[in-house]
Structures are given as structure tokens and as C-alpha cells.
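Below are the chains, spelled out letter by letter.
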Amino acid sequence: MNTGDGTRLHLNEVATRDGFQMESRFIPTEDKIALIDRLSGLGYAKIEVTSFTSPKAIPALRDGEEVMGRIARRPGVLYTALVPNLRGGERALDGRVDEFNIVMSASETHNLANLRMTREQSFAQLAEVIALARQAKVPVNVSLSCVFGCPMEGEVPLEGVLGWIERFAGFGVAGITLCDTTGMAYPTQVQEVCARALARFPSLGFTAHFHNTRAMGLVNTVAALEAGVRRFDMSLGGIGGCPYAPGATGNVATEDVVHMLQCMGYETGMDFDGVIAAAVQLEALVQHALPAQVSRAGHRLTRHALPADFGEIVERAKARDIGRKELPA
């Protein structure tokens with residue numbers, strides 16, 4: 001396995017959309033804005049700020065317009081939002097989003113359960129959203145759900161996934177996110193899917209999006225790296241999940257991924273200590289323990305205080321050595 005070669009990776013934060021939409025407690029608008037402003041200074045390439053879905057569908061993000069309108073935007077950071085339909089697209093344009101993130105599933109059953117439409121119906125609706133974005137000169141990213149498996153159908157054929165990517169590419173979208181929506185991916189599968197997608201569509205910007213449901217999120221990230229992916233979604237603290245997959249957990253935790261990549265020598269551009277501090281702020285907002293591990297354990301080289309009686313321990317060890325030397329031969 002290769003270590004980092006100095007190539008800059010592009011890391012995207014999704015906790016403020018993908019994570020917050022799963023929280024039972026409404027995060028106050030002021031707190032959302034303060035957290036996003038903090039995240040903006042940590043080195044992310046992209047922050048998914050909110051969703052312009054109906055407030056009735058996702059009440060946790062009913063303040064999307066206000067949040068998007070009041071954040072302090074930093075040069076070099078792309079501020080994106082989930083856009084489900086034309087009405088959402090109009091709201092997103094009013095909010096001056098930098099990118100539309102549109103979603104459909106590679107699985108027919110999951111698409112029906114999640115979006116209440118067939119894939120063809122979703123595609124037709126999203127084609128209208130893409131046309132709106134193109135007219136406004138706003139780039140579009142497609143998050144393709146259940147690329148690595150469906151919790152209701154099982155395996156999702158790779159050729160079918162590539163077929164949907166081809167259809168979206170025909171509309172001139174800027175990028176595709178390969179989503180492991182329910183944490184079903186495994187490393188060799190990830191390598192094959194990512195390698196074939198990159199080879200067939202070299203002009204598209206591919207992002208990998210992994211959940212840690214079965215504790216394979218980090219190793220799948222490495223597998224995608226090995227296949228050539230350089231853009232990754234992650235969620236601060238590891239919050240999130242999927243309402244249509246019992247037991248599904250959040251995305252891979254930002255602090256865990258950044259720690260791993262930096263240890264491996266990859267250039268992330270991220271402020272690791274700042275990420276840890278932001279995770280502390282997030283935990284206070286959601287009022288429950290975060291599933292991330294590195295925010296609790298710290299960097300692998302974190303030093304810990306010696307035992308209070310360490311000096312005595314050393315002296316006793318020395319005394320044992322002296323005692324051995326004084327024994328008769």
C-alpha cells in the first residue's frame with residue numbers, strides 16, 4: 001500500500017446536513033451558523049451547509065435559508081446544499097449556494113422508500129434541477145446512494161451504477177459522489193467500483209462517501225485512495241445515519257479520517273487540533289456522545305502524564321538490579 005505522495009486531498013464536511021437531519025434535537029440556528037463559521041477556517045474543500053428539502057420532510061433543517069444567508073463565507077471553501085427538486089433549486093439560488101447537491105439511489109427499492117419515486121421519476125425531476133442550475137451557472141454534484149449495496153435488495157450491479165453515472169454525465173454535471181449509504185461496502189469492492197468509474201469517466205470529479213456501520217469506513221477510505229479517488233465526504237463526530245437501514249450509523253468521522261490520512265503522509269490541508277475543538281463544540285450541541293474515536297483518544301502521539309509514583313518505581317527497579325548483582329555466583 002502506498003503512503004501519501006504529496007497530492008492534496010479534498011475533504012468535505014457533511015455533519016451540518018447529513019448529520020443534523022438525523023438528530024432528534026433541533027439545533028438552534030445561531031449554533032448552526034457558529035459551527036459552520038468555525039469549520040470554514042479548518043481547511044475543508046467543501047461544507048454541505050443544509051438541505052432545501054421541504055421543512056415538513058426534514059424539520060431539523062427548516063432554517064436552511066437563514067443559515068445559508070448568514071454564514072461567513074471564506075474564499076476557497078465551496079458551500080453546497082442538498083437540492084431535491086425545482087422548488088428547492090429556486091430556494092438554493094436565492095441563498096447563493098456555490099453548488100447543487102442532488103440525490104437519487106442506484107437501488108430502485110431504496111429510491112422508492114427514500115424519495116417516494118422510481119429512479120426514472122427521480123431522474124426526470126433532477127434533469128429539471130440540472131437545467132435550472134446550468135441556466136444560473138451553478139455546478140451540480142450528484143450523490144448516488146446505495147452504490148455499494150442496498151439494505152433491501154442486497155447487491156447493486158456495478159454496470160447499473162455506471163449506467164446512471166453515464167446518464168448524469170450526459171447532462172454535464174461536475175461530479176459524482178459514490179455513496180455507501182448504509183455501510184455495506186468492503187475494500188476490494190470499493191477498489192473495483194472506484195477504479196472502473198474513474199477509468200470510464202475521467203472528466204468527472206468523483207467523491208467517496210462512506211458510513212461506518214460495520215466498522216469498515218476507514219479501510220474503505222484507504223481502498224478508494226488506492227483506486228485514485230481524491231475527494232471524500234465525512235461527518236464531524238461521525239454523526240448521521242440512514243432512516244431506511246436499521247442500525248446504520250453516521251459517516252466516517254472527520255477527526256478519525258484526518259488523523260489517519262495525516263499519519264499516512266497525505267496532504268489534507270486540515271487543522272487537526274481545530275477539528276478536535278469543533279467536535280467538542282458539536283457534542284455540546286447534540287447533547288450526546290459522539291461515535292468518533294480520535295476526539296476521545298487524541299492523536300496517536302498524544303503524551304500522557306507519568307504515574308505519580310513513577311520515581312519510586314524507577315528506584316525499586318534499580319534496586320532489584322543491584323540485588324541481583326550482589327547474589328553469589
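Everything numeric here is computed off the predicted structure, so don't read it as measured data. (Residues numbered from 1 in each chain as written. Predicted model: local features only at pLDDT ≥ 70, side-chain atom pairs only at ≥ 80, totals over all residues. Heavy atoms only, no water.)

## Let's talk about the nonpolar core
Among the nonpolar cores identified, the biggest contains 89 residues, and Phe100, Ile102, Ile165, Phe168, Ile176, Leu178 and Leu236 are the most heavily contacted of them. Sorting elements by how many residues they give to this core places helix α11 (residues 272-286) first, with eight residues. With residues up to four places along the chain from it excluded, the contact list for Ile176 reads Asn141, Val142, Ile165, Phe168, Leu204, Gly205, Phe206 and Thr207. (Core = buried A, V, L, I, M, F, W, Y, C linked by side-chain atoms within 4.5 Å. Buried < 20%, exposed > 50% of the residue type's maximum accessible area, 1.4 Å probe, protein only. Helix = DSSP H or I, 4+ residues; strand = E, 2+ residues; numbered from the N terminus. Contact = heavy atoms within 4.5 Å.)

## Quick look at the packing of aromatic side chains
The geometry of an aromatic ring pair comes down to the distance between the two centres and the angle between the two planes. Scanning all chains against the criterion turns up four aromatic pairs. One aromatic cluster is present, built from ring pairs that chain together Phe123, Trp164, Phe168 and Phe171. Here the guanidinium or amino end of Arg62 rests over the ring plane of Phe26, the centre of that ring lying 3.9 Å away. Residue placement shows Arg167 over the ring face of Phe123; its charged tip is 4.2 Å from the ring centre. (Phe/Tyr/Trp six-rings, centres within 6.5 Å; stacked < 30°, edge-to-face > 60°. Lys NZ or Arg CZ within 6 Å of the ring centre and 35° of its normal.)

## Digging into the packing of helix α2 (residues 29-40) against α11
Between α2 and α11, the least distance of the axes is 10 Å, while the angle of their chain directions is 170°. Classed by the angle they form, the pair α2 and α11 counts as roughly antiparallel. The residues of α11 that touch α2, namely those facing Asp31, Ala34, Leu35, Arg38 and Leu39, are Ala277, Ala278, Gln281, Leu282 and Leu285. Counted by class, the contact of α2 with α11 contains seven nonpolar, one polar and two charged residues. (Axes fitted to C-alpha atoms, helices over the stretch in contact; angles between N-to-C directions. Parallel < 35°, antiparallel > 145°, perpendicular 65-115°, else oblique. Nonpolar A, V, L, I, M, F, W, Y, C, P; charged D, E, K, R; others polar.)

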